[in-house]
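# Topology and contacts: notes
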Amino acid sequence: SSCAKPAPAKTIELRYATEEVQTHDRMVNIVLPLHRAIETATNGRLKITEYFSESLIAAPDTYDGIIRGVVDWGEADTQYNPGRFDLTDAAGLPGFGRIDNGVITNTLWDLYKKFPELQKQFSETHLLYLWAMNNDYIWTQKPIKTMEDLKGMKIRANPGPAFDAVKLLGAVPVEVGFNDIYQSMEKKTIDGFIVAISGSMAGKLYEVAKNATNIATGASIQDYAAINIAKWNSLPADIQKIITDMTGDVAVKQFATQLVSINDNYRQKAVTSGVNFITLDPTELARWNKAMAPVVGNYVAKMNAKGLPGQAVADYAGQRIAFWGSQK
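This report concerns the structure included in the present document. (Residues numbered from 1 in each chain as written. Predicted model: local features only at pLDDT ≥ 70, side-chain atom pairs only at ≥ 80, totals over all residues. Heavy atoms only, no water.)

### Things to note about the sheet that holds strand E4 (residues 126-133)
Spatial ordering of the open sheet is given by E2-E1-E3-E10-E4, a layout of five strands whose pairing is mixed. Among the strands making up the open sheet, the edge pair consists of strand E2 (46-51) and E4. Shown here is a sheet whose adjacent strand axes are inclined to one another by a mean of 15°, direction ignored. Across the sheet, helix H1 (residues 25-41) touches strand E1 (12-17), E2, strand E3 (73-77) and E4, and the angle it forms with E2 is around 155°. (Pairing = 2+ DSSP bridges. Helix = DSSP H or I, 4+ residues; strand = E, 2+ residues; numbered from the N terminus. Axes fitted to C-alpha atoms, helices over the stretch in contact; angles between N-to-C directions. Contact = heavy atoms within 4.5 Å.)

Written out as structure tokens, the structure is:
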């Protein structure tokens, strides 16, 4: 007699959705290596299929897509869903000064771990990790060196504190999807935009905006990576453990380190591509910061009105930013 060999384990596929292009440095240096490492650790029992450039779902619809199961595992900016994840905005409020991507990423994760109210905002999915990029630049075709230069200009920003900041600076905030910025600049439906250096270079936005003014408007991008709960619960326990062990604190630490390096590399590429980085005169910078001062108070009041710990979250964000900044 002979014994039948057990059937090979069926490969489980997870569809991963992102708005990023496949060649984005964050994909190449962090996300894709993480996915391949997870696959290897499962001995090929898990396959993660990436859908880049919103090819599976539009970025603003990603979170709902994860909930519905259209997306198994997805990432997107929290600001695409105004008011839904607003406690994350505290990590990038203006007034904390210019902070790098590592500091803001660590601060955002600290906020998530400390406040149950923030955890609840992601409770419809299985959250794996958060990261953030600090958008310190307003990109325009004409040089912006004073508030008067900015007055009346239509500036693309993500909803939230950045919208308030743009208004207080005398400009007009406009909501435009990342993938529509280039065309909007060409059509002159916007006069400028606030994005990270990495985003500007990856999307070749420097071709339509050669000047980048350094100013912290509270426009930091907070991103989530989450899995559909039913899909997560269906995974074998050992695969869940592998993913858990390679995400969370471990992934956040990697993002915090790598994003700083990625940003520095992109800045060098931007200069080579002819981007003019503008640093405001100290007196002028003080004017801008004074004009934006109400943003923090407005944010706290909005959170408190929703029954959320606005002041506590804002205070803790400032403390953690100071802490992580001191580790540099």
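### Overview of the sheet that holds strand E11 (residues 276-279)
Overall, mixed pairing links the six strands, which are arranged E7-E6-E8-E5-E9-E11 in an open sheet. A strand with exactly one partner marks an edge of an open sheet, and here the two such strands are strand E7 (172-174) and E11. Taking each pair of neighbouring strands and ignoring which way they run, the sheet shows an average axis angle of 30°. Across four bridges, strand E9 (residues 211-214) lies against E11 in parallel orientation. Bridged to Asn-211 within E11 is Asn-276. Together, strand E6 (154-156), E7 and strand E8 (192-194) form the strand contacts of helix H6 (residues 161-168), whose direction differs from that of E7 by roughly 150°.

### Looking at the nonpolar core
Ranked by size, the top nonpolar core spans 86 residues in total, and within it Trp-73, Leu-111, Phe-122, Tyr-129, Trp-139, Ile-181 and Tyr-224 carry the most contacts. With residues up to four places along the chain from it excluded, the contact list for Tyr-129 reads Tyr-16, Leu-34, Trp-109, Asp-223, Tyr-224, Ala-225, Thr-247, Gly-248, Ala-251, Val-252 and Phe-255. If you look at the next biggest cluster of nonpolar residues, it comprises 21 residues, including Ala-157, Ala-165, Trp-288 and Val-295. (Core = buried A, V, L, I, M, F, W, Y, C linked by side-chain atoms within 4.5 Å. Buried < 20%, exposed > 50% of the residue type's maximum accessible area, 1.4 Å probe, protein only.)

### Re helix H12 (residues 282-292)
Glu-284, Trp-288, Ala-291 and Met-292 are the residues of H12 that are buried. An end-on view of H12 places all buried positions within 95° of arc, on one side of the element. In H12, the exposed positions that point more than 90 degrees away from the buried face belong to Pro-282, Thr-283 and Lys-290. Along its buried surface, H12 packs onto strand E5 (137-140), helix H5 (147-150), H6 and helix H13 (294-305). (Arc of directions from axis to C-beta.)

### Some points on the pairing of E3
With five of its five residues buried, E3 lies for the most part within the structure. Neither face of E3 is open: one carries Trp-73, Glu-75 and Asp-77, the other Gly-74 and Ala-76, and all of them are buried. Here E3 pairs with strand E10 (residues 221-227) via five bridges, running antiparallel. The residue bridging Gly-74 from the neighbouring strand is Ala-226, located in E10.

### A word on H6
Burial within H6 is extensive, with six of its eight residues counted as buried. Every buried residue of H6 is accounted for by Pro-161, Ala-162, Phe-163, Asp-164, Ala-165 and Val-166.

### Regarding the packing of H13 against helix H14 (residues 310-326)
Put simply, H13 and H14 touch, their axes get as near as 7 Å, and they point 135° apart. The angle between the axes of H13 and H14 places the two elements in the oblique class. Here H13 contributes Tyr-299, Val-300, Met-303 and Asn-304 to the contact with H14, which in turn contributes Gly-310, Gln-311, Val-313 and Ala-314. A class-by-class count of the residues in the contact of H13 with H14 yields five nonpolar, three polar and no charged. (Parallel < 35°, antiparallel > 145°, perpendicular 65-115°, else oblique. Nonpolar A, V, L, I, M, F, W, Y, C, P; charged D, E, K, R; others polar.)

### Some points on the pairing of E1
Two elements, E1 and E2, share six bridges in a ladder whose sense is parallel. Pairing of Glu-13 across the sheet is with Lys-47, part of E2. For the crossover that starts at E1, traverses H1 and ends in the parallel E2, the hand is right-handed. Examined bridge by bridge, E1 and E3 share two bridges and lie parallel to one another. Paired with Ala-17 across the two strands is Gly-74, which belongs to E3. (Right-handed = clockwise from strand over helix to strand, strands pointing away.)

### Points about the environment of Ile-229
Mapped onto the elements of the fold, Ile-229 is located in helix H9 (residues 229-234). Sequence-distant contacts of Ile-229, defined by excluding residues within four places in its chain, comprise Ser-123, Glu-124, Thr-125 and His-126.

### A look at the environment of Gln-311
As for its position among the elements, Gln-311 is in helix H14. When the C-alpha atoms of Gln-311 and Gly-297 are compared, they prove to be 8.7 Å apart, with 14 residues separating the residues in sequence. Not counting residues up to four positions away in its chain, the partners in contact with Gln-311 are Val-300 and Asn-304.

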